[in-house]
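Spelled out, the chains give:
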Amino acid sequence: FPVTIFFVLAVLLNRGEIKPTLSWLFPKSVRVNFISYLVDFLFVAASVWAAVVFLWGDIQFGLFGRYLYNMPDALVLFLTIFLADMVGYFRHRLEHTRLLWPSHVLHHSDADMTWMAIYRFHPINRLTTSVIDSGALFVVGFPAWAIAINYLVRHYYGAFIHANLPWTYGWLGKVFVSPAMHRWHH
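Analysis parameters
Residues numbered from 1 in each chain as written. Predicted model: local features only at pLDDT ≥ 70, side-chain atom pairs only at ≥ 80, totals over all residues. Heavy atoms only, no water. Axes fitted to C-alpha atoms, helices over the stretch in contact; angles between N-to-C directions. Helix = DSSP H or I, 4+ residues; strand = E, 2+ residues; numbered from the N terminus. Left-handed = near helix turned anticlockwise from the far one by under 90°. Contact = heavy atoms within 4.5 Å. Nonpolar A, V, L, I, M, F, W, Y, C, P; charged D, E, K, R; others polar. Phe/Tyr/Trp six-rings, centres within 6.5 Å; stacked < 30°, edge-to-face > 60°. Buried < 20%, exposed > 50% of the residue type's maximum accessible area, 1.4 Å probe, protein only.

*Asks:* Any chance you could explain the packing of helix H5 (residues 73-95) against helix H7 (residues 123-140) here in plain terms?
*Replies:* Each pair of packed helices can be described by the angle between their axes along with the distance between the axes. Two elements in contact, H5 and H7, have axes separated by 10 Å at closest approach and are oriented at 145 degrees. As for the relative orientation of H5 and H7, their crossing is right-handed in sense. For the pair formed by H5 and H7, the contact residues are Thr80, Leu83, Ala84, Val87, Gly88, Arg91, Leu94 and Glu95 on the first element and Asn125, Thr129, Ile132, Asp133, Ala136, Leu137 and Val140 on the second. In terms of residue class, the contact of H5 with H7 is built from eight nonpolar, four polar and three charged.

*Asks:* How should the packing of aromatic side chains be read in this particular structure?
*Replies:* Tallied over the full model, the rule gives four aromatic pairs. Ring centres 5.0 Å apart and planes at 80 degrees place the aromatic pair Tyr89 and Phe90 in the edge-to-face group. By relative accessible area, Phe90 is classed as exposed at 52%. With a centroid separation of 6.0 Å and an interplanar angle of 45 degrees, the aromatic rings of Tyr157 and Phe160 are classed as tilted. One end of the pair, Tyr157, and the other, Phe160, are both in helix H8 (residues 144-162), three residues apart, so they sit about a helical turn from each other. The class for Tyr157 is partly exposed, based on a relative accessible area of 32%. Each residue in the set Tyr157, Phe160 and Trp167 is aromatic and connected to the rest through ring pairs, giving one cluster.

See below:
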């Protein structure tokens, strides 16, 4: 679904020209992203979700689950996304240290920064990301529905900030990562 949305928007931005749009959206380096995504989907994602399902019964409500279940759903979702973003920030800082850089470097090796760069992950990098991010949310005790929505929001926002767009957010760029800032990071 996001592929279709990005493609339609790109065709519109390129005045209906499909061939240059395909070249822009799918440069030659995208092949590595597709292979990485396939390996991630078949091996890492399946293993992580099996572990989550298995552990969900053992974790029960986490450290603060009983308090979270009494809060309004909108507040729980906001707190989930906020904490997940904070955990993700510090986890990403850890990925740039000697400990995790050897597996994270693949993500930064994309010569053509496109929305597909979000799929360029080494299996070890995807595993550490999943364990750290999911583990923190489950230990705190966020409900599964909030964690699932959080992953959707952060995934699609991640695809957006990896897109080859020159957009910044002005003063909001001090709070939110823009595509231009994230391209600079890569």
